[in-house]
Amino acid sequence: LPLLAACGGDEDEGPQATSAAAEGWTVTALARGVKPTLALDAAGNPAVSYVRQGAGGWVEFASADDGWKPTRIAEGNYAGPADLEFDEEDRPHVAWHDHELAEVSSRYGNLVHAVREGGSWEVATARDQGHDGFQTSIAVSGGLVHAAGIEPIQYQTDQGVEHYVLEDGAWSVASIGTGALEYEYDVSLALTAEGLPALTYFDDRAEALVYASRDDDAWTLERVATGDESGEFSALAFDASDRPHVAFSRENGDVLYAMRRTNGWEIEKVAGERFPASVALAFDERGMPHIAFANREAVRYASRGVGSWQVANVATAARRPLGSRVSLALDAEGTPHVSFYELTRSKPLRGVVVYAAPG
């Protein structure tokens, strides 16, 4: 099978997409890199950030507004994802994990944040004890930058998920009380209309997807789903009424959607896949949820109709398998914009960043 011929050495080739676009979609190879995040600027132009992982790595940014020309933000021994969001002033913010040293050490490693001011990027490290900031997720509102990441048990910690806030040029970092966690799993951060942070993460000890929300005083943790590796990949978003919604997947390949009701979480199945899928969640102007999900075989797009989900292919893998990262944004017309990556090598992780849209 083509998928099992996984990762050859395509490093000498230019970035070319090998995925087969589904009918009604186009796919475009943007650059060499992995674990991209897509966001829209104020004019609705899509942009992506992505990384080259490991020693000699880098973080780059590219926008359709600039013909997808890659801009190098920083270089180092990095790990993705490179999470991206635009603020109210239309400045792009990017955050990622920096191992800091060529040889990974439990004493070093932090979350890094960059913001573009005019034509240049300002890069700063959110320093904390230990080796933290994995699986970085950011959200920006009201002049504050929020971030979340894992300080993994592999580096002898008991902190688990940590919450970062950048205010007036200074970072604060605090554990949200999860206890020790692995780092292979997603953290998804979102803000309420009032700017209060919330996030989802996978508790590997309890085999549970957890929703964590913060009021003015403390974090509250509650389980959304349990069993069958529920929520290794998850995506959190709030609707116009500030109700939290979560898309997530299970080890058996099910893609699920959860909405918080007054009496708990209501969960429904969106699709069934052969492999676990990474997920992304967004709401359109009518308040309807949309989900993109990807596994090694395909990227698919699901929209909620009256009482059911409509699922369609975006792209299917051909010569290369797809990586475990997908990102989704909807413009003012409700048009979906999707980013994912194709694997060209598994160790060290290498790939090609791909953009997909209807057309």
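Residues numbered from 1 in each chain as written. Predicted model: local features only at pLDDT ≥ 70, side-chain atom pairs only at ≥ 80, totals over all residues. Heavy atoms only, no water.

K.L.:
Please set out the pairing of strand β20 (residues 254-261) residue by residue, giving values where relevant.
P.N.:
Within β20, six of the eight residues are buried, leaving the element largely enclosed by the surrounding structure. The turn joining strand β19 (residues 244-249) and β20, which pair antiparallel and follow one another in sequence, is formed by four residues; a positive phi near 100 degrees is taken by Gly-253. Relative to strand β21 (residues 264-272), β20 is paired through eight bridges, and the arrangement is antiparallel. Each bridged residue has a counterpart across the sheet, and for Ala-258 the counterpart in β21 is Ile-267. (Buried < 20%, exposed > 50% of the residue type's maximum accessible area, 1.4 Å probe, protein only. Helix = DSSP H or I, 4+ residues; strand = E, 2+ residues; numbered from the N terminus. Pairing = 2+ DSSP bridges.)

K.L.:
Residues and numbers for the sheet that holds strand β22 (residues 278-283), please.
P.N.:
Taken in spatial order, the five strands make up an open sheet running β1-β25-β24-β23-β22, and their pairing is antiparallel. Only two strands of the sheet have a single partner each, and these edge strands are β1 (20-21) and β22. As paired strands, β22 and strand β23 (residues 289-294) are joined by six bridges and run antiparallel to one another. Within β23, the position partnered with Ala-280 by the bridge is Ala-292.

K.L.:
I'd like to hear about unusual backbone geometry, residue by residue, with values.
P.N.:
When glycine is set aside, most residues are seen to have a negative phi, and most peptide bonds are trans. Across the junction of Gly-80 and Pro-81, the peptide omega takes the value 5 degrees, indicating a cis bond. In this structure, the amide linkage connecting Lys-347 to the following residue, Pro-348, adopts the cis form with an omega of -10 degrees. Structurally, Pro-348 is set in the loop between β27 (336-345) and β28 (350-358). Even without glycine at this site, Trp-68 takes up a positive phi of about 60 degrees. Summarising the element assignment, Trp-68 is placed in the loop between β5 (54-63) and β6 (71-86). Phi at Asp-90 is positive, roughly 65 degrees, even though this residue is not glycine. The residue Asp-90 is located in the loop between β6 and β7 (92-98) in this model. Residue classification places Asp-90 among the partly exposed residues on the basis of a relative accessible area of 29%.

K.L.:
Give me the pattern of salt bridges: which residues, what numbers.
P.N.:
Going through the model one piece at a time under the given rule, you end up with 17 salt bridges. Between Asp-203 and Arg-205 there is a salt bridge, with its nearest N and O atoms 3.0 Å apart. With a relative accessible area of 9%, Asp-203 lands in the buried category. Connected via shared salt-bridge partners are Asp-87, Glu-89, Arg-91 and Glu-117. (Salt bridge = Lys/Arg side-chain N within 4 Å of Asp/Glu carboxyl O.)

K.L.:
Kindly report on the sheet that holds strand β14 (residues 187-191), identifying the contributing residues and their values.
P.N.:
Spatial ordering of the open sheet is given by β14-β15-β16-β17, a layout of four strands whose pairing is antiparallel. In this open sheet, the two strands that pair with only one neighbour each are β14 and β17 (219-226). Each strand of the sheet is rotated relative to its neighbour by a mean of 20 degrees, with strand direction disregarded. Pairing between β14 and strand β15 (residues 197-203): five bridges, direction antiparallel. In the sheet register, Ala-190 faces β15, and the bridge partner there is Ala-198. (Axes fitted to C-alpha atoms, helices over the stretch in contact; angles between N-to-C directions.)

K.L.:
Which residues make up the environment of Ser-188, and what values do they have?
P.N.:
Relative to the elements of secondary structure, Ser-188 occurs in strand β14. Ser-188 sits in the buried class, given a relative accessible area of 9%. Non-local contacts of Ser-188, meaning those with residues more than four positions away in its chain, are made with Ser-137, Ala-198, Leu-199, Thr-200, Ser-234, Ala-235 and Leu-236. In terms of polar contacts, Ser-188 uses its side chain to reach the backbone amide nitrogen of Leu-236, at 2.9 Å. (Contact = heavy atoms within 4.5 Å. Polar contact = N/O pair within 3.5 Å; in protein donor to acceptor, adjacent residues only side chain to side chain.)

K.L.:
Quick one: what's the story with the pairing of strand β13 (residues 170-175), residue by residue and with numbers?
P.N.:
Sheet analysis places strand β12 (residues 160-167) next to β13, joined by six bridges and oriented antiparallel. Counterpart to Leu-166 in the pairing with β13 is Trp-171. Hairpin geometry of β12 and β13 is characterised by an intervening segment of two residues between the two adjacent antiparallel strands and by a positive phi of about 55 degrees at Asp-168.

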